[in-house]
Amino acid sequence: MAGILLSVRSSWILVILLAAGSSEAKPAPESPRAPPVTDGDFWRDVVEPHAEEIRKIVNGARNGIRIADDALQSDSEWAVVQRMRYFEDAYGMLRYARKLAPDNVEVLVMLGRAADEIGKTREAINALETAIQIAGPDKTSLEAVGRLGSIYLRLGDRDAAIRWLRLAQGPLKADSAQALVHLANALAARGEVTAAVDTLVNALPAHNMSFYSQELTLAAFTLALIYDRDEQRSAAFEVLDRMKSALQHSFGTQVQNMIATLRFSPAEDQHYYQGLLYEAMDQYVEARASFALYAASGDTPWRDRALDHVRAIDAHRKKPLPVVKVAPTPPPTPRPQNYHP
């Protein structure tokens, strides 16, 4: 009996030892490991913990602003309302983005533009000046310094406007064209016509232009306008003639579209732009009305010049039509008496 018990006990011991050996031979599978965190990811998350969210907000706001800019091509009231809605949406998104990343220069510049477009002037100034302070005047975007200068111009602080607008000088680009136009008009209004002309001439291509981009159209037409205001009529006519020759039938439409995108400072300048455009297109009734509106807008700098246009148009319209002399019809040749048709 004792031998049987010893045999059974030995069998159990053998089973336990075999099970232990089997468990050592087949270790339990390891749980899946998370991907290693690199130093770049770590420091990016430390410096910009909301980087991905900010990127999505910026892309969404940029798309909305692009759609709003495209609406400028339409003159309908619906397009104007929709444009403001897109900018209001962008403003709300970018305000939230600024709370997440108060030192993000791109967010600040876009926020400044959206605020300016919907009439929140003080918020626009704050955002743009903060962006310039963080990036430095020499490294910030042309959009920031140019828009800040145009805001101060609308507020009537011409000297501050010119200081900011000068920082936007350089090659003619989509984000600097309006700033250069504002700078030229501000210099001319301060009596520095030569500097105003040089600002635009230096930005325009030196060779004869056969193609006019949108920004080129705006700058060239403004150059003609400044020449006209300074009573350099032949120079103004030369610029307009080159534009009309290059643009052909699209001259009026392209200039009109550029006028629609410009926020004038002062606002009555729009009437002078419109008057010169209509006159260049020989639409004298519309031209006279626009120049008269400019002259009636108050103490405008070029009121007398606008009235000169009105008087010239009136003289042109009252001028009698030239008398066309028609040679008398010769008497018919007498037919011979024996003539039979």
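Preceding this section is the structure that the text describes.
Everything quoted here is computed from the prediction, not taken from an experiment. (Residues numbered from 1 in each chain as written. Predicted model: local features only at pLDDT ≥ 70, side-chain atom pairs only at ≥ 80, totals over all residues. Heavy atoms only, no water.)

Peer 1: Teacher, can you tell me more about the overall build of the protein here?
Peer 2: Tallying secondary structure elements over the protein gives 16 helices and zero strands in all. A burial count over the protein gives 37% of its 341 residues as buried. If you take every contact in the protein between residues at least 6 apart in sequence, the share linking residues at least 24 apart comes to 57%. Accessible area of the protein: about 21,100 Å², with a carbon and sulfur share of 56%. (Helix = DSSP H or I, 4+ residues; strand = E, 2+ residues; numbered from the N terminus. Buried < 20%, exposed > 50% of the residue type's maximum accessible area, 1.4 Å probe, protein only. Contact = heavy atoms within 4.5 Å. Areas by Shrake-Rupley, 256 points an atom, 1.4 Å probe, with all protein chains shown as cover.)

Peer 1: I'm lost on the nonpolar core in this one. Help?
Peer 2: Proteins that are soluble and globular tend to have nonpolar side chains buried together. Counting residues in each nonpolar core, the largest one holds 88 residues, and the members touching the most others are L94, L172, F221, M243, F251 and Y273. With 10 residues, the single largest contributor to this core is helix α11 (residues 214-229). Once residues lying within four places of it in the same chain are set aside, the contact partners of L94 are I57, A61, V107, M110, L111 and A114. (Core = buried A, V, L, I, M, F, W, Y, C linked by side-chain atoms within 4.5 Å.)

Peer 1: Hey, could you run me through the pattern of salt bridges in this one?
Peer 2: Think of it this way: side chains of opposite charge can pair up when their charged atoms draw near. All told, the structure shown has 17 salt bridges when counted by the stated rule. Residue R55 is joined to E52 by a salt bridge in which the shortest nitrogen-to-oxygen separation is 2.4 Å. With R55 and E52 both in helix α3 (residues 51-70) and three residues apart, this pair spans about one turn of that helix. Judged by relative accessible area, which is 43%, E52 ranks as partly exposed. In the salt-bridge network here, residues are joined through shared partners; they are R83, R113, D116, E117, E143, R147, R154 and R263. (Salt bridge = Lys/Arg side-chain N within 4 Å of Asp/Glu carboxyl O.)

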